[in-house]
Amino acid sequence: MVEEVDGAGERAEGPGQGQRLVVIYHGYSSGRASIDGICEVVEKAYPGAIIHAPSMPYANVFCRVGAAQIVADQIAEISALYDTHGFDEIVIIGHSMGAVIGRRVFIEASDLERGWPSHASDTVLSRVEPPLADLKPCVWAKKVSRLVLVAGMSRGWSIDGAKSGVQELLWRLGATYGHLMPGRKPTIFDIRKGAPFIVQTRLRWLQFLESALPKPKVMQLLGTVDDMVSPDDSVDYADANSGDHFRLIEVPASGHASIAVVGEDAKASAGENEIRRKRAEILHAVLTDHTEVLDNRRIERGYLNDELPPPRDERVKDLLFIIHGIRDRGYWTKKIAARVKRQVAAEAQKSLQKMEALSRAAAGPSAETDVAAAREACEVASEGRSVVTRTPSYGYFPILPFVLPWYRRQKVEWLMDQYVEARTSYPAADFHYMGHSNGTYLCARALQDYPASSFRRIMFAGSVVRTDYDWKRLVDGGRVEKILNLRATFDWVVALFPNGLRWFRNFFDLGGAGHTGFITQLDDDVLYQLDERGVSKFVRGAHSAGKRESLWDEICDFIVIGKGPAANDQDFVEGQPWYSRLLGWGAPVFLLLIAAVVFSIGGFLLYTLGVDFVTWLSGGSGDAKLSLWQLWLAQGGLIHMLCLLIFLGILRFMSLRF
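The shown structure was predicted, so the numbers you read here are calculated from the model rather than taken from an experiment. (Residues numbered from 1 in each chain as written. Predicted model: local features only at pLDDT ≥ 70, side-chain atom pairs only at ≥ 80, totals over all residues. Heavy atoms only, no water.)

A. Expanded view of the overall build of the chain. From N to C terminus, the chain includes 21 helices and 18 strands. Expressed as a percentage of the 658 residues in the chain, the buried residues total 53%. Considering only contacts in the chain between residues 6 or more positions apart, those separated by 24 or more positions represent 79%. Accessible surface computed for the chain: about 30000 Å², of which carbon and sulfur atoms make up 56%. (Helix = DSSP H or I, 4+ residues; strand = E, 2+ residues; numbered from the N terminus. Buried < 20%, exposed > 50% of the residue type's maximum accessible area, 1.4 Å probe, protein only. Contact = heavy atoms within 4.5 Å. Areas by Shrake-Rupley, 256 points an atom, 1.4 Å probe, with all protein chains shown as cover.)

Here's what the structure looks like:
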């Protein structure tokens, strides 16, 4: 028989003491009863085992407990069970969201480095979320023999995965409700594609795969008719490169929820029971390594996706993200990427020439070896394979959505999904970043929300990041090495809008670093803002000045070799004009005036329209020969309605175009 323990970790009634623990986590909003069938299969596969199948907080649709906190609580519960019973083997099974929780529980319980060792100081930054930062390695993690992920949301869920218009509408309404909720967002937001928890889980998994720790078997079960999560989101890219310990198993006639419905039911039809028996057979084979069944159901990762990320390549040592800003299609990013590759090739050629000169002065086998290595590096660089560039676009992003925090966070999540994909393919590469406008915000917010992320050299132009951003902590912690922040002489976009929101920093995490600069105290060779002996230099021009073509070579020098711009040509000028400084100083007042004017016009139109309606409903001037419609028209109601519609149309056009 199988002995079960409840969610509190206390031993339930049952004979004997098992030497195997099976931890089972149910999916979002489904509750403990949804995995009863899985528990029955476990009983048959592992006689005498103890099952820990708690009712998770996210059984409640509106649960707001952080996913990281849930993981910490589960580690504590399993540790208590292990201290009481002791186990020779542990198996973790999770369905849907429970698969994400189960994998993270194992990762954080293992002896995986939790800090980020710094090369700059004694400061050590945590790679994990605060609830997990103080956890200690658990002895029982070494006893975990396999992870069984049943329809797991390994890359998270997204609204784009909705199967119908009605489902998409419901998901969007739910997402809007969650965004507008004060305080902490619902737990399900932590499992959204690109969200901090899901990205952190994937990055920690990559870190685990790179470690020397023993690897458990990972068995991913994917339904053939899963209508909730796409195959791309179910299977992590990291597992495509993770070796023999990972298997992807296809389960026939199974959807996202039904894949967990196993075992016969007297109320079900004969056909349904046959499908349930097949699911139970596959799950039993997964738990017992039944080779014949698994080989027949195994599918390769590439069979599900024709556009997998590039294969793992440890030869790539540098990767550069170039991300555009708002009101921009980002075509220029690809041109700068080409210039960077050309600069890398030129530097490799210089190194080869230097090495050849040294070898002539000191002939010998070692010199010949060094020259051969330099020649190979030069050839790789000339082919554009020495440094990899990423220039993805999130599309045209106008000002109004940019002001709304949840829209900005969605772009951050988009970036970090790209980040994990790149880290999967190029594990040995140093990541660098160049961003303009909103692209600067994405980087700064990512470093703030995703502790496992890092960028070695960062270049900002037209930055909309707050001036008090804590670069020193990131530099001291070894996650950032150098920052270049180019400011324009008259960047009215930054000076007026993000800089103007500085009075409302409790509501907007934006600022005017592209106008006034960062105030963080760092050495000039770490934070380049072209300040020297009390004199500040700025790029001549407006919001796009920092990415103009005449600066590309200096930008490349910074990204490739960490050299700051000399700022001694016609592109640079000392100081900003008085009107630029005035706009930046009075920006909050100017924004309030603009908002007051807009609301006044809209309020006036609503008021006059309301007066017309009141007059209409009350019978107008008392002329009984006129209908109510005629009375409303006589009061000018139609004209006022048209004016209001035109006003709203202009606002919508400006908000979506500018």
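B. Inspection of the pairing of strand E8 (residues 217-223) at higher detail. Where burial is concerned, most of E8 is hidden: six out of the seven residues are buried. Bridging between strand E7 (residues 144-150) and E8 involves five bridges; their strand directions are parallel. Considered in E8, the bridge of Val-150 is made with Leu-221. Sheet topology places E8 next to strand E9 (residues 246-251); six bridges connect them, and they run parallel. Paired with Val-218 across the bridge in E9 is Phe-246. (Pairing = 2+ DSSP bridges.)

C. A look at the pattern of salt bridges. Counting across every chain of the model gives 34 salt bridges. Arg-114 is the salt-bridge partner of Glu-108, the closest N and O atoms lying 3.3 Å from each other. In this pair, the class of Glu-108 matches that of Arg-114, namely buried. Across the pair Glu-272 and Arg-279 runs a salt bridge whose closest N-O atoms are separated by 4.0 Å. A network of salt bridges, in which partner residues are shared, links Arg-104, Glu-108, Arg-114, Glu-129 and Arg-204. (Salt bridge = Lys/Arg side-chain N within 4 Å of Asp/Glu carboxyl O.)

D. The arrangement of the sheet that holds strand E16 (residues 531-532) in detail. Taking strand neighbours across the sheet as the criterion, the three strands line up as E16-E17-E18 in an open arrangement whose pairing is antiparallel. With one partner strand each, in any of the chains shown, E16 and strand E18 (572-574) form the two edges of the open sheet. For strand E17 (residues 535-539) and E18, the ladder comprises three bridges, and the chain directions are antiparallel. Note that in E18 the partner of Phe-538 across the bridge is Val-573.

E. Seen up close, the packing of aromatic side chains. Counting across every chain of the model gives 17 aromatic pairs. Aromatic side chains Tyr-469 and Trp-471 sit 4.7 Å apart centroid to centroid with 65° between the ring planes, which places their arrangement in the edge-to-face category. By the burial criterion, Tyr-469 is buried, and Trp-471 matches it. Centroid distance Trp-578 to Tyr-579: 5.7 Å. Interplanar angle 85°. Geometry classified as edge-to-face. Residue Trp-578 is classed as exposed on the basis of its relative accessible area, which comes to 60%. (Phe/Tyr/Trp six-rings, centres within 6.5 Å; stacked < 30°, edge-to-face > 60°.)

F. Just unusual backbone geometry, in detail. Although it is not a glycine, Ser-29 sits at a positive phi angle of roughly 65°. Not every positive phi belongs to a glycine, and Asp-289 is a case in point at roughly 60°. In this fold, Asp-289 is placed in the loop between helix H8 (270-288) and helix H9 (291-297). For Asp-289, a relative accessible area of 28% translates into the label partly exposed.

G. Quick peek at the sheet that holds strand E12 (residues 430-436). Strands sit in the order E11-E10-E12-E13-E14-E15 across an open sheet of six strands; the sheet is parallel. Unpaired on one side and paired on the other, strand E11 (387-390) and strand E15 (527-528) mark the two borders of the sheet. Bridge analysis of strand E10 (residues 318-323) against E11 gives four bridges, and the strand direction is parallel. Paired with Phe-321 across the bridge in E11 is Arg-390. The strands touched by helix H17 (residues 552-561) within the sheet are E10, E12, strand E13 (457-461), strand E14 (482-486) and E15, with E13 carrying the most contacts at an inclination of about 155°. (Axes fitted to C-alpha atoms, helices over the stretch in contact; angles between N-to-C directions.)

H. Expanded view of H8. For H8, with 19 residues, the first-to-last C-alpha span of 27 Å sits near the 27 Å given by 1.5 Å per residue. Of the residues making up H8, those classed as buried are Asn-273, Arg-276, Arg-279, Ala-280, Ile-282, Leu-283, Ala-285, Val-286 and Leu-287. Of the surrounding secondary structure, the elements contacted by the buried residues of H8 are helix H1 (36-45), strand E4 (89-95), E7, E8, E9 and H9. (Expected span 1.5 Å × (residues − 1).)

I. Highlighting the nonpolar core. Ranked by size, the top nonpolar core spans 114 residues in total, and within it Ile-101, Trp-140, Phe-321, Tyr-433 and Trp-471 carry the most contacts. Broken down by element, the residue count for this core peaks at nine residues, all from helix H2 (residues 67-85). Those residues within four positions of Phe-321 in sequence are excluded, and the remaining contacts are Arg-390, Leu-415, Gln-418, Tyr-419, Ala-422, Phe-431, His-432, Tyr-433, Met-434 and Phe-455. Ranked by size, the runner-up nonpolar core spans 32 residues in total, among them Val-22, Val-41, Val-251 and Leu-283. (Core = buried A, V, L, I, M, F, W, Y, C linked by side-chain atoms within 4.5 Å.)

J. Spatial organisation of the packing of helix H18 (residues 578-585) against helix H19 (residues 587-617). Running from N to C, H18 and H19 point in directions that differ by 65°, and their axes come no closer than 5 Å. What the angle tells us is that H18 and H19 run roughly perpendicular. Contacts between H18 and H19 involve Leu-582, Leu-583, Gly-584 and Trp-585 on the former and, on the latter, Ala-587, Pro-588 and Phe-590. Taken together, the residues that form the contact of H18 with H19 break down as six nonpolar, one polar and no charged. (Parallel < 35°, antiparallel > 145°, perpendicular 65-115°, else oblique. Nonpolar A, V, L, I, M, F, W, Y, C, P; charged D, E, K, R; others polar.)

K. Expanded view of H19. Across its 31 residues, H19 extends 44 Å between first and last C-alpha, which sits within 8% of the 45 Å expected from 1.5 Å per residue. Residues of H19 that are buried include every one of Ala-587, Pro-588, Leu-591, Gly-602, Leu-605, Thr-608, Leu-609, Asp-612, Thr-615 and Trp-616, and no others.

L. Quick look at the side chain of His-95. Structurally, His-95 can be placed in strand E4. Sequence-distant contacts of His-95, that is, excluding residues within four places in its chain, are made with Tyr-25, His-26, Gly-27, Val-150, Ala-151, His-256, Ala-257, Ile-259 and Ala-260.

M. Looking closely at the packing of helix H3 (residues 97-109) against helix H6 (residues 196-210). H6 packs onto H3 with a crossing angle of 45° between their chain directions and a minimal axis gap of 10 Å. With respect to H6, the element H3 is oriented oblique. Like other packed secondary-structure pairs, H3 and H6 cross with a definite hand, here left-handed. On H6, the residues touching Val-100, Ile-101, Arg-103, Arg-104, Phe-106, Ile-107 and Glu-108 of H3 are Phe-197, Ile-198, Gln-200, Thr-201, Arg-202, Arg-204, Trp-205 and Phe-208. A breakdown of the residues in the contact of H3 with H6 according to their chemical character gives eight nonpolar, two polar and five charged. (Left-handed = near helix turned anticlockwise from the far one by under 90°.)

N. Quick peek at a nonpolar patch on the surface. A surface patch of nonpolar side chains, amounting to about 1000 Å² of accessible area, comprises Ile-594, Val-598, Trp-629, Leu-633, Leu-638, Met-641, Leu-642, Leu-645, Ile-646, Leu-648, Ile-650 and Leu-651. Elements represented by at least two residues in the nonpolar patch include exactly H19, helix H20 (628-634) and helix H21 (637-657). Counting residues per element, the nonpolar patch draws most heavily on H21, which supplies eight residues. Mapped onto the elements of the fold, Val-598 is located in helix H19. What makes Val-598 partly exposed here is its relative accessible area of 30%. (Patch = residues over 30% accessible without salt bridge, like charges linked within 9 Å, V, L, I, M, F, W, Y side chains within 5 Å.)

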